Amino acid sequence: MKKHQLSIEKELKCKSPNIIWPLLSTPEGLAKWIADEVEHEGEWLKFTWGEVWRNHEIRRAKVLEEQRFKHIRYAWENDEDPDSFWDLQMEKSDITGDYILIITDHAWMEDVEDLKDIWYSNLEQLHNNTGL
């Protein structure tokens, strides 16, 4: 059985790909809005939520595909659906000239709403930490 694909769009109120791209593709940028800490571990990125000395969760993801200033696709290690991924895509709005972030992710049908809530919380964190 395959996971359900979901997509979320958010206008970032930014016209510079040089500001947005590092937030999507570097451990330092991802740590500003997706996890409390993100580190390189060889070909993997290690995402940590919570303090390591207390309750915390650690997950690892690998970059599957990257097109600089366009999109980056990640896959979680040991995902039950080998075809699932999460993708962060930048598209420029023809109307405003600002960039739009398009998030594509996958979840089991019963978890779709929870995953959407997580992404909306992440986007709020992105705004709070960067103004985007």
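The notes below deal with the structure included here. (Residues numbered from 1 in each chain as written. Predicted model: local features only at pLDDT ≥ 70, side-chain atom pairs only at ≥ 80, totals over all residues. Heavy atoms only, no water.)

**Focus on the overall build of the chain**
Worth spelling out the cut-off: Working definition: helices are DSSP H or I runs of at least four residues, strands are E runs of at least two. Numbering for both runs from the N terminus. In this treatment the radius of gyration is a C-alpha quantity, and the globule benchmark scales as 2.2 Å times the residue count to the 0.38 power. A 1.4 Å probe rolled over the protein chains alone gives each residue an accessible area, and that area as a share of the maximum for its type sets the label: buried under 20%, exposed over 50%, partly exposed in between. Note on areas: Shrake-Rupley with a 1.4 Å probe; residue coverage comes only from the protein chains shown.
Within the chain, the secondary structure is distributed over 3 helices and 7 strands. When the helices and strands of the chain are placed in sequence order, the string is β-α-α-β-β-β-β-β-β-α. For a compact globule of 132 residues, the expected C-alpha radius of gyration is about 14 Å, and the chain comes in at 15 Å, within 12% of that figure. If you line up the chain on its principal axes, its C-alpha atoms span 40 × 35 × 25 Å. Expressed as a percentage of the 132 residues in the chain, the buried residues total 42%. Carbon and sulfur atoms make up 46% of the accessible area of the chain, which totals about 8,000 Å².

**A word on helix H1 (residues 17-25)**
The line we're drawing: What makes two residues a contact is simply this: any of their non-hydrogen atoms within 4.5 Å.
All of the buried residues along H1 are Ile-20, Trp-21, Leu-23, Leu-24 and Ser-25. Looking at the buried side of H1, the elements it contacts are helix H2 (27-30), strand E4 (57-67), strand E5 (71-76), strand E6 (86-92), strand E7 (99-107) and helix H3 (112-130).

**A word on the nonpolar core**
The line we're drawing: As used in this record, nonpolar core signifies buried Ala, Val, Leu, Ile, Met, Phe, Trp, Tyr and Cys residues forming a set joined through side-chain atoms within 4.5 Å.
In terms of nonpolar packing, the biggest core is built from 32 residues, with Trp-33, Phe-47 and Leu-88 touching the most fellow members. Residue contributions to this core peak at 5 residues, all from H3. Apart from the residues within four sequence positions on either side, Phe-47 is in contact with Leu-30, Ile-34, Ala-35, Glu-37, Val-38, Glu-57, Ile-58, Arg-59, Ala-61, Trp-76 and Trp-86.

**A few points about the layout of surface pockets**
The condition that has to hold: Cavities and pockets were defined on a 1 Å grid built over protein atoms only: a cavity is a set of grid points that admits a 1.4 Å probe from which the probe cannot escape, a pocket is an open set flanked by protein on both sides within 12 Å along at least five of seven lines, and lining residues are those with an atom within 4 Å of any such point. Grid points are joined across faces, edges and corners, and a volume is the space filled by probe spheres set on the points. Just so you know the grouping, Ala, Val, Leu, Ile, Met, Phe, Trp, Tyr, Cys and Pro go in nonpolar, Asp, Glu, Lys and Arg go in charged, and all remaining residues, Gly too, go in polar.
Approximately 540 Å³ is the volume found for the largest pocket. If you go around the largest pocket, you meet 22 residues; those closest to its centre are Arg-59, Trp-76, Asp-105, Leu-115 and Ile-118. Looking at the lining of the largest pocket, the elements with two or more residues in it are E4, E5, E7 and H3. At 5 residues, the largest contribution of residues to the lining of the largest pocket is made by H3. Tallied by class, residues from the lining of the largest pocket come to 11 nonpolar, 3 polar and 8 charged.

**As for the pairing of E4**
Applicable threshold: DSSP calls a pair of strands paired once it identifies at least 2 bridges connecting them.
The sheet contact formed by strand E3 (residues 44-49) and E4 spans 6 bridges and is antiparallel. When the sheet's bridge partners are listed, Phe-47 is paired in E4 with Arg-59. By the bridge criterion, 6 bridges tie E4 to E5 in an arrangement that is antiparallel. Within the sheet, the bridge partner assigned to Glu-65 lies in E5 and is Arg-73. From the end of E4 to the start of E5, which pair antiparallel, there are 3 residues, and Phe-69 there has a positive phi angle of about 65 degrees.

**Regarding the environment of Glu-124**
Within the secondary structure, Glu-124 is located in helix H3. Residue classification places Glu-124 among the exposed positions, given a relative accessible area of 52%.

**Notes on the side chain of His-71**
Selection rule: Distance and chemistry together define a polar contact, namely a pair of N or O atoms within 3.5 Å, with one atom able to donate a hydrogen and the other to accept it when in protein, and with adjacent residues in sequence counting only for side-chain atoms on both sides.
Mapped onto the fold, His-71 is located in strand E5. Of note is the side chain of His-71, whose polar atom sits 2.9 Å from the side chain of Glu-65.

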